Amino acid sequence: MPEENLTSLTGEKNGDTVNIDDVDRLIVVGAGTMGRGIAIASARRGIEVLLIEANENALTRSLEKVSGSLDQEITRWAMTESEKKAIISRIKGVVDFSEISDQLYVIEALPENLTLKMEIFRELDKYCVPEAILITNTSTLSITELASATERADRVIGMHFLNPVPKVRLIEIVRGLNTSVKTFHMAMVLAEKLERTAIEVFESPGYVTTRVMLPLINEAIEVLMEGVATAEDIDTAMQVGFDLARGPLTMADSIGLDHILSWMETLFHNLGAQKYRPCPLLRMLVRAGHLGVKTGQGFFRYDEEGNMISGSGQTSAAYERYRK
Ligand code: NAD
């Protein structure tokens, strides 16, 4: 916790405090995997969401995916039709900044590209009210560097949601060098509104979750590449052996192999340790466009709904040769 210990979860609104009931509207920029998840999780808690995409095509596709993922919940009896309607009615999709008004929370979920994120932060800084806090969902980029694109470095913070957002209850709240305690408090209020467990992290590439999980995933890929075991068996070993919800290769496929590679590269570049060197097999799969669930193929294959096709796991070429 920060030096000023929190006695209650309050932030600032026009000099006053922000409490959980004030969190009734927010903006999400980027309606990809994470943006959609954050929009659904927020709308589910009664928050009105303005979801901003790059263009009409991407927005239409995204809103269809939002509807599709809620339908899956209904199929699993985890949601009713009327709950779905209520959630959809609270998510408004747009393709520019013209509907930004006095929302206090803006969450950026753009691709992991520093130049793009800084450009959008510069724009958001102009459109948003001075009291608004700009939140990034980046996994590995510097909050301090992103904040330097704005005139409100004290009001920029990281809230690292994990995928799939509606299910994973953790948020890492990441303070940059200039993030104020009030901004941190506002982020904590939002986390509480979303019924999440929040941990505080000081800026460091990969925070806790990404930094600890990536070498595990990368090592699982190395083990596959060396032909030590099949993809299925590697995942079974880790899942059953260590009581994990999913094996590391399944996890990588669901996150997206392009993300894994770009995060590894950022960690390798920033921390310089060999343990963050991306496995060549990971690079190869990304080059081939096999990015995991979203492209239907990664370490495993997936159907249209994103369900894994059983028995579809990769074996490495070296392993195949050895078995013959
Ligand atoms: P994604 O590629 O699925 O989504 C990004 C979205 O941003 C796309 O829909 C794209 O069309 C949109 N976009 C691009 N340019 C835009 C613009 N100018 N204006 C508005 N929208 C624009 O990426 P993602 O997986 O959702 O990741 C988003 C962020 O969250 C990244 O920083 C990533 O590192 C981080 N993150 C991802 C995961 C994960 O498991 N995927 C987990 C934690 C954090």
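Here the structure is a predicted model, which means the values were calculated and not measured. (Residues numbered from 1 in each chain as written. Predicted model: local features only at pLDDT ≥ 70, side-chain atom pairs only at ≥ 80, totals over all residues. Heavy atoms only, no water.)

This next bit is on the domain arrangement of the protein chain. Domain parsing of the protein chain yields domain 1 (3–202) and domain 2 (212–319). Of note, the centres of domain 1 and domain 2, computed from C-alpha atoms alone, are 28 Å apart. Opposite the 7 residues of domain 1 that make contact, domain 2 presents 8 residues. Taking both sides of the interface into account, the surface hidden between domain 1 and domain 2 amounts to around 610 Å²; carbon and sulfur atoms contribute 49%. Run the count over domain 1 and domain 2 and you get 0 salt bridges. Applying the counting rule to domain 1 against domain 2 returns 2 residue pairs in polar contact (both at pLDDT 80 or more). For the side of domain 1 that touches domain 2, the residue count by class is 2 nonpolar, 4 polar and 1 charged. (Domains from an automatic or database assignment. Contact = heavy atoms within 4.5 Å. Buried area = accessible area lost by both parts, 1.4 Å probe. Salt bridge = Lys/Arg side-chain N within 4 Å of Asp/Glu carboxyl O. Polar contact = N/O pair within 3.5 Å; in protein donor to acceptor, adjacent residues only side chain to side chain. Nonpolar A, V, L, I, M, F, W, Y, C, P; charged D, E, K, R; others polar.)

Looking now at the packing of helix α9 (residues 248–255) against helix α10 (residues 257–271). Viewed as axis vectors pointing N to C, α9 and α10 meet at an angle of 100 degrees, and their least axial separation amounts to 6 Å. Between α9 and α10, the crossing angle belongs to the class labelled roughly perpendicular. On the side of α9, the interface is formed by Ala-252, Asp-253 and Ile-255, while α10 contributes Leu-257, His-259, Ile-260 and Trp-263. Its residues assigned to classes, the contact of α9 with α10 comprises 5 nonpolar, 1 polar and 1 charged. (Axes fitted to C-alpha atoms, helices over the stretch in contact; angles between N-to-C directions. Helix = DSSP H or I, 4+ residues; strand = E, 2+ residues; numbered from the N terminus. Parallel < 35°, antiparallel > 145°, perpendicular 65-115°, else oblique.)

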